[in-house]
Amino acid sequence: MNRLGIPVLPSIVNAVILVSIFSTTNSFVFAASRSLLGLAQQGQAPKVFARLNRQGVPYLCVLLTLAMACLSFLSLSQGTVKVLNWWINLVTCAQLVSWTCIAITFLRFYYASKAQNLRSNLPQLGYWQPFSGYNLLVWSPIVLFFSGYYVFLPGAFNAPDFIFAYGSVFIFLAILFGSKAWQILYRKQPARVWIPTDEVDLVTGVDQIEAMTEAAEKKRLEGERGAGEKVSDMFF
């Protein structure tokens, strides 16, 4: 960029990158902290993470999520940066597993709502469905497989690299089959791969969610709106 003879251009690019990083971090911190809150409320995470402050913010969840960012300091040393790369590979693999599950979940929802004639009741419908869901279902596993391709190169196989490149797949399968075994053996539920589309429950709790959404929207509209909030409403 310096060769273009525009002195201010590098600073503009850096500013755009910083804004993008801040926006992405803010989004991920919100999503991760609220996911942890939901797990705590359902008894799937320590109850201490269900605590809220007076503003209703799960502050312990936010602090734990922010604390994970301290792992970035591992990049300061040649010895610890390898551990950081292992962690990044493990998280990347977990993300691709999550996207694969999202694709399966959406396709099941799509066909279940279609089988029960509920699609006309949905407030929003995406374009190119269900083909977009199949596109995600195909490409996520492909990207996952090739994300650790280097361990399969001649003479390059390394057990730790393989484990951290594909470890999340085995963790996911262990949790999946473990939960299925617990449901069948302990809770005495019938053994089946999935629920038929015409039996999927898509209505339980909808009335409560709609009532909460309506109450929250009413409260939002009745409150005094600042200039920044009015501008935000125009775009979002």
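Structure report, in brief. (Residues numbered from 1 in each chain as written. Predicted model: local features only at pLDDT ≥ 70, side-chain atom pairs only at ≥ 80, totals over all residues. Heavy atoms only, no water.)

Among the structural elements, Thr65 can be located in helix H2 (residues 59-67). A relative accessible area of 17% places Thr65 in the buried class. Among all residues touching Thr65, those that are not within four sequence positions of it are Val29, Ala32 and Ser33. (Helix = DSSP H or I, 4+ residues; strand = E, 2+ residues; numbered from the N terminus. Buried < 20%, exposed > 50% of the residue type's maximum accessible area, 1.4 Å probe, protein only. Contact = heavy atoms within 4.5 Å.)

What follows deals with helix H5 (residues 159-185). With 27 residues, H5 ought to run about 39 Å at 1.5 Å a step, yet its terminal C-alpha atoms sit only 34 Å apart, falling short of that. The set of residues buried in H5 consists of Asp161, Ala165, Tyr166, Gly167 and Ser168. (Expected span 1.5 Å × (residues − 1).)

Before going further, it helps to examine the side chain of Ser33. With respect to the helices and strands, the residue Ser33 is situated in helix H1 (residues 9-41). Of the polar contacts made by the side chain of Ser33, one reaches the backbone oxygen of Val29; its length is 2.7 Å. For Ser33, the contacting residues outside a window of four places in its chain are Cys61, Val62 and Thr65. (Polar contact = N/O pair within 3.5 Å; in protein donor to acceptor, adjacent residues only side chain to side chain.)

Below, the discussion takes up the environment of Leu90. As for its placement among the helices and strands, Leu90 is situated in helix H3 (residues 78-115). As for Leu90 and Phe30, which are separated by 60 residues in sequence, their C-alpha atoms are 21 Å apart. Setting aside residues up to four positions removed in sequence, Leu90 forms contacts with Phe164, Gly167 and Ser168.

Apart from glycine, the bulk of residues carry a negative phi angle, and the bulk of peptide bonds sit in the trans form. Cis rather than trans, the peptide bond between Gln129 and Pro130 has omega equal to 5°. Unlike most non-glycine residues, Asn117 shows phi in positive territory, near 55°. Counting through the fold element by element, Asn117 comes out in the loop between H3 and helix H4 (131-146). Residue class for Asn117 comes out exposed when judged on its relative accessible area of 64%. We note that Trp128 has phi near 60°; this positive angle belongs to a residue other than glycine.

Buried within H2 are the following residues: Cys61, Val62 and Thr65. Buried residues of H2, seen end-on, are gathered within an arc of 100° and therefore sit on one face of the element. Contact partners of the buried residues in H2: H1. (Arc of directions from axis to C-beta.)

Here the focus is the state of the cysteines. Within the structure shown, the criterion is met by 0 disulfides. We note that Cys61 lacks a disulfide partner, and the nearest cysteine sulfur, in Cys70, lies 17 Å from it. Cys93 provides the cysteine sulfur closest to Cys101, a residue in no disulfide bond, and the two sulfurs are 11 Å apart. (Disulfide = S-S within 2.5 Å.)

A volume near 1,300 Å³ is recorded for the largest pocket. Lining the largest pocket are 22 residues, and of these Phe28, Ala32, Thr65, Val91 and Gln95 sit closest to its centre. Elements with a minimum of two residues in the lining of the largest pocket: H1, H2 and H3. It is H1 that contributes the most residues to the lining of the largest pocket, 9 residues altogether. Within the lining of the largest pocket, the residues separate by chemical class into 15 nonpolar, 7 polar and no charged. By volume, the second largest pocket is sized at about 860 Å³. The wall of the second largest pocket is formed by 26 residues, among which Ile104, Leu176, Lys180, Val193 and Trp194 lie closest to the centre. Among the elements of the structure, H3, H4 and H5 are those that each provide at least two residues to the lining of the second largest pocket. Residue composition of the lining of the second largest pocket, by class: 19 nonpolar, 4 polar and 3 charged. (1 Å grid on protein atoms, 1.4 Å probe; cavity = no way out; pocket = protein on both sides within 12 Å on 5 of 7 lines; lining within 4 Å. Points joined across faces, edges and corners; volume = space filled by probe spheres on them. Nonpolar A, V, L, I, M, F, W, Y, C, P; charged D, E, K, R; others polar.)

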